[in-house]
Amino acid sequence: MRAMVVRAFRTPPELREIPDPVISDGDVLLKVMACGVCHTDLKVRDGLVPHTTAPVVLGHEVAGEVVAVGRGVIGITVGDRGVPYGYETCGTCIECRRGQDSLCESLSGRMGFDHQGGQCDLVRVPARLFLRIDPRLTFQQAAVTTCSMVTPYRAIVRRARLRAGETVVVVGAGGGLGLHAVQIGRLVGATVIAVDSDVARTDAITEQGADHVVIADDNKFADTIISILGGRGADVVVDLVGATASIAEGINAVQSGGRVVVVGYRAGQQVQAEIPDVVFREVELYGCHWASIVDMIEVLDLVAEGALNPVITRTYPFEQAASALDDLEGGRIFGRAALLM
Ligand SMILES: [Zn+2]
Ligand SMILES: [Zn+2]
């Protein structure tokens, strides 16, 4: 099959012929139809994610059509459209049994990280990790949903437990996940304050449903938010930037009992807070590592119903994966991009 292969870290993917994946009992073979392009792909390409090796086929936001079904698979047939849950979980550890799939204690691999990703014709998927999609969803919508929509959904709905009538601040609102976080805050029924560094994105962020847009290019936004809210802090801050300064400012921007959930991450950055401030104001701090299978099913349904709408502004033929990554790295993609097969 054709695959875009990163032969050594810090080199672009190149078109190569590689053997088709072999499916075993209990697996399905998926013909890839669309694959989202993500900042995490840049990290994997550059060798910045632990436990990855080159050569590697990138792509963890995959949607496609079943072309073969292994023995023992029930309820999935050739022609079914769907997405893989890309972490190959064990299904039996305590985290898996709690439904915290992304925290599985004995993952056998992650699609597009240490297992072959979706920038190719075919992927092997264990049937229990294949999720059928609604006919109303396009392949590109489904693919992009599996990372950039479901992650802010878990952060906001599951981790921070945002409720209608509360206020949520989205830090890094102009990025792919940020635009979706704004939509999710709006869907929950919260007041949404979007923070971004680029004034040129203000209108687009407002279009996603933000009530207020704060432009702050130095990660100083807490005072502005507190003044917008009439002297109170926010209930929830979602940090998609992952910088020491943005998280510290997020902690400053919540009211007593407020929740700060960190989704973005960068190597070498730290959480810094005045401990008495965290204690006396009972600030809650959460991490959010991607999403569970249940989260994925819920979000795919919300997108199919039109309640959430992935912002996909560019598509590329799959052979142009290297240009797509360059454009992403150069800041030339607003929202998300997808490769089409
Ligand atoms: Zn992603
Ligand atoms: Zn497990």
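Residues numbered from 1 in each chain as written. Chains lettered and ligands numbered in written order. Predicted model: local features only at pLDDT ≥ 70, side-chain atom pairs only at ≥ 80, totals over all residues.

All right, on to the domain arrangement of the protein then. With domains assigned, the protein is organised as domain 1 (2-132 + 311-340) and domain 2 (150-287). Summarising the inter-unit geometry, the C-alpha centres of domain 1 and domain 2 are found 29 Å apart. Contacts between the two partners involve five residues from domain 1 and, on the opposite side, four residues from domain 2. Each residue belonging to the side of domain 1 that touches domain 2 can be placed in one class, and the counts come to three nonpolar, one polar and one charged. (Domains from an automatic or database assignment. Contact = placed C-beta atoms within 7 Å. Nonpolar A, V, L, I, M, F, W, Y, C, P; charged D, E, K, R; others polar.)

With that settled, consider the nonpolar core. In this structure, A143, I156, V168, V169, V170, A194 and V238 are the most contacted members of the largest nonpolar core, which totals 103 residues. Considering every element that reaches this core, the biggest residue donor is helix 3 (residues 139-159), with 10 residues. Counting contributing residues per domain, this core is built from domain 1 (2-132 + 311-340) and domain 2 (150-287), each supplying no fewer than three. Apart from residues lying up to four places away in sequence, I156 is in contact with L162, V168, A181, I184, G185, V188 and V238. (Core = buried A, V, L, I, M, F, W, Y, C linked by C-beta atoms within 7 Å. Buried ≥ 20, exposed ≤ 12 C-beta atoms within 10 Å, placed from the backbone. Helix = DSSP H or I, 4+ residues; strand = E, 2+ residues; numbered from the N terminus.)

So, on to the packing of helix 3 against helix 4 (residues 176-188). Remark: helix 3 packs on helix 4, axes separated minimally by 8 Å, with the N-to-C direction vectors making an angle of 50°. When the axis of helix 3 is compared with that of helix 4, the two are oblique. Regarding helix 3 and helix 4, the two cross each other, and that crossing is right-handed. For the pair helix 3 and helix 4, the contacting residues are S148, M149, T151, P152, Y153, I156 and V157 in the first and G176, L177, H180, A181, I184, G185 and V188 in the second. Of the residues that constitute the contact of helix 3 with helix 4, the class distribution is nine nonpolar, five polar and no charged. (Axes fitted to C-alpha atoms, helices over the stretch in contact; angles between N-to-C directions. Parallel < 35°, antiparallel > 145°, perpendicular 65-115°, else oblique. Left-handed = near helix turned anticlockwise from the far one by under 90°.)

Two modes of strand pairing occur in sheets, parallel and antiparallel, and in both the strands are linked by backbone hydrogen bonds. Judged by pairing direction, the sheet is parallel, and its six strands sit side by side in the order 12-11-10-13-14-15 without closing on themselves. Strands with a single pairing partner mark the edges of an open sheet, and in this sheet they are strand 12 (212-215) and strand 15 (284-287). On average, each strand axis in the sheet is inclined to that of its neighbour by 20°, with strand direction left out of account. As defined by bridge partners, strand 14 (residues 254-262) adjoins strand 15 across four bridges and the pair is classed as parallel. Looking at the pairing, V262 lines up with G287 of strand 15. Seen against the sheet, helix 4 touches strand 10 (167-171), strand 11 (191-196) and strand 13 (234-239) and runs at an angle of roughly 175° to strand 10. (Pairing = 2+ DSSP bridges.)

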